[in-house]
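Observations on the model geometry
Here are the chains, one letter per residue:
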Amino acid sequence: MASADVVTMDKIVALCKRRGFVFPASEIYGGIANTYDYGHYGVLLKNNVKAEWWRAMLQDRDDVVALDSAIIQHPRVWESSGHLAGFSDPLVQCLGECKKRWRLDHLQEAAVERGEDPSLVRCPQCGGELSEPRDFNLMFKTQIGTVADTGSTVYLRPETAQGIFVDFKQVLAVSRKKPPFGIAQIGKSFRNEITPGNFIFRTLEFEQMEMEFFVPPAESQTWHEHWMKARFDWYTDLGVREDHLRLRPHEQDELSHYSSGTSDVEYLFPIGWSELEGIAHRGDYDLSAHQQGSGEKLEYFDPQTRERYLPHVIEPAAGCDRATLAFLVDAYDEEELEGGDVRTVLRLHPRLAPVKVAVLPLVKKDGQPELAREIRDSLRRVGQTEYDEGGSVGKRYRRQDEVGTPWCVTVDHQTLEDRTVTVRDRDTLEQERVAIDDLPALIAGRLAQPWRSPKA
Ligand code: GAP
């Protein structure tokens, strides 16, 4: 049934625009670099991704608590964290015709891959000579109040993690948790990225799903391994094909300033293997930096062992938009039907699908629309539903396939006689006859079942 992997980034971008998942922001003004808006189906899909992350962090375990910290923190947070001094990319500018800016490290990596000398790189666009590299800080600056002086400068957070570290003491005091325990947060982060974005893979503003897990130092290695496996499994449990996913340990020279060891979960995007999420061993870098910067003691005192220590941190840091893109790419399929027609279908995990059930009257008369609406209302509590009576039933099935709706319920002549409907499966295309009264339990039961991609 599943065809060869036909997905390309262009097809994903086109589908997202056509069906209103995601489209360029400020488009009537010509758009703005690396910035996108999410439409109806995109919001529903991304909300489901976030709900599954919260479920894995909070509902499925009892050693993680939630937080929603401010985007604009005290500027000294970024001084202590090292972001003001070190969160920068080496930028070069073309001195030839095009004057474009590039990231030197990216140009050099590409040169090494082509077997060329990285010290001789030139502008990829016009071949011009490049300027000396200059460190370019990725944080967006703004100001509090009406007078722009140095005291009023603040930054939009480039990661959600620091809000967790600066609240560690407060959360520890009220959550009745002790290490090992975690603090999880989802929220927007902002980076003045200067590289081409590849759609929502790399944007100026994006949502992160980050969890800082505070552990006794002696247990840190075990917990690092625990979280690498747990986070890899999260993606496969949500249907991502295992052969399109890998864990890649960072080389020593790739490690961030805070990390003593990081492994990335990578996905095989159409642009090649790329990072979805990093699982870093941050040691006591952050708590120690904020303890020093703020003067507040951030140690944990264990009343049993009478030990006082700074917990070490294991951090699974995922991108919500990037995960959404990976789920879309992994789900995209084209299937040749009898007669040579091709149907485009998003084979999303049913729990991720924006709409769970579409209810369709076969014809717009004989009481079918009324009954279909009644059925739709009975399913609202089970999940997101949609009612659609526009166009031929074949066209309506195709529309639902394109947005990944796992089940279509069709009301026909027989429904009015015996209160049964057909339930069409998005992936197998099988149709079964089911009593209307059994529908909510049937759909709820299927949503709770394990699911594997038919593309696997
Ligand atoms: N607190 C650690 C941290 O922020 P990171 O690897 O820089 O680590 C974590 O970011 C995740 O956030 C990445 O794996 C990626 O999924 C996502 N991310 C980072 N920058 C992004 C960007 N410009 N656009 C979209 N997602 C991004």
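Just so you know, the residues in each chain are numbered from 1, in the order the chain's sequence is written. Only residues with pLDDT of at least 70 are given local features in this predicted model, and only at 80 or more are side-chain atom pairs given and counted; all residues enter the totals for whole chains, interfaces and linings. Side-chain metrics in this entry use all non-hydrogen atoms of the structure; hydrogen atoms and water are not considered.

Right, let's get into the sheet that holds strand β6 (residues 134-137). Note: strands within a sheet are paired through backbone hydrogen bonds, in either parallel or antiparallel orientation. Judged by pairing direction, the sheet is antiparallel, and its 3 strands sit side by side in the order β5-β4-β6 without closing on themselves. At either margin of the open sheet sits one strand with a lone partner, and together these are β5 (101-103) and β6. Across the sheet, the mean angle separating the axes of adjacent strands is 50 degrees when strand polarity is ignored. Where strand β4 (residues 88-93) and β5 come together, 3 bridges link them in antiparallel fashion. Within β5, the position partnered with Val-92 by the bridge is Trp-102. Sitting on the sheet, helix α5 (residues 104-113) is in contact with β4 and β5, with an inclination near 65 degrees to β5. Strand pairing is assigned whenever DSSP identifies at least 2 bridges connecting the two strands. Helix and strand assignments come from DSSP, with helices taken as H or I runs of at least 4 residues and strands as E runs of at least 2, each series counted from the N terminus. Helix axes are fitted only over the stretch in contact, all axes being lines through C-alpha atoms; the angle between N-to-C directions runs from 0 to 180 degrees. For this analysis, residues touch if any pair of their heavy atoms sits within 4.5 Å.

Glancing now at the site of the ligand. Close to the ligand lie 21 residues; Glu-159, Arg-191, Glu-193, Glu-210 and Glu-275 are nearest. Here a polar contact is recorded for every N or O atom pair within 3.5 Å, except that within protein the pair must consist of a potential hydrogen donor and a potential acceptor, and residues adjacent in sequence are included only if both atoms are side-chain atoms. Between Arg-191 and the ligand, the recorded distance is 2.8 Å, taken from a side-chain N or O atom to an oxygen atom. Note that a nitrogen atom of the ligand is positioned 2.9 Å from one of the backbone N or O atoms of Thr-203. Note on areas: Shrake-Rupley with a 1.4 Å probe; residue coverage comes only from the protein chains shown. For the ligand, whose accessible area on its own is 550 Å², the fraction buried by protein is 91%. Here the shell around the ligand is composed, by residue class, of 7 nonpolar, 4 polar and 10 charged. Nearness of a residue to a molecule or strand requires only that one of the residue's heavy atoms be within 4 Å of it. Ten residue types, Ala, Val, Leu, Ile, Met, Phe, Trp, Tyr, Cys and Pro, are classed as nonpolar, four, Asp, Glu, Lys and Arg, as charged, and the remainder, Gly among them, as polar.

A few words on the sheet that holds strand β22 (residues 420-425). Pairing within the open sheet is mixed, and its 5 strands lie in the order β20-β19-β21-β22-β23. This sheet does not close on itself; its edge strands, each paired only once, are β20 (385-387) and β23 (431-435). Recorded for the sheet is a direction-independent mean angle of 25 degrees between the axes of neighbouring strands. Relative to strand β21 (residues 407-411), strand β19 (residues 357-361) is paired through 5 bridges, and the arrangement is parallel. When the bridges of β21 are listed, Val-357 appears paired with Trp-407. Seen against the sheet, helix α12 (residues 393-403) touches β19, β20, β21, β22 and β23 and runs at an angle of roughly 170 degrees to β19.

Attention shifts here to helix α9 (residues 285-294). Taken residue by residue, α9 has Asp-286, Leu-287, Ala-289, His-290 and Gln-291 as its buried positions. Next to the buried residues of α9 lie α3 (75-81), α6 (161-166), α7 (168-175), β10 (205-215) and β13 (272-283). Just downstream of α9 lies Gly-295, where phi reads positive at about 80 degrees. Throughout, exposure labels follow a simple rule: accessible area from a 1.4 Å probe, protein chains only, divided by the maximum for the residue type, with under 20% read as buried, over 50% as exposed, and the rest as partly exposed.

Let us look at the UniProt feature "binding site: substrate" (unreviewed entry) in the protein. UniProt's feature table lists "binding site: substrate" (unreviewed entry) at Arg-103, Glu-159, Phe-206, Glu-207, Gln-208, Met-209, Glu-210, Glu-315, Pro-316, Ala-317, Ala-318 and Gly-319, given in the numbering used throughout. Spanning 217 residues, the named residues do not form one spatial group; their C-alpha atoms are separated by as much as 26.6 Å. In this fold, Phe-206 is placed in strand β10. Beyond its immediate chain neighbours, meaning those up to four positions away, Phe-206 contacts Pro-158, Gly-187, Lys-188, Ser-189, Phe-190, Arg-191 and Asp-321. In this structure, Ala-317 sits in strand β16 (residues 312-319). You can call Ala-317 buried: its relative accessible area is 16%. Leaving out residues up to four positions away in the same chain, Ala-317 has contacts with Met-209, Glu-210, Glu-277 and Gly-278. UniProt positions are given in the numbering used here, feature names are shortened, and annotations may be inferred rather than shown by experiment.

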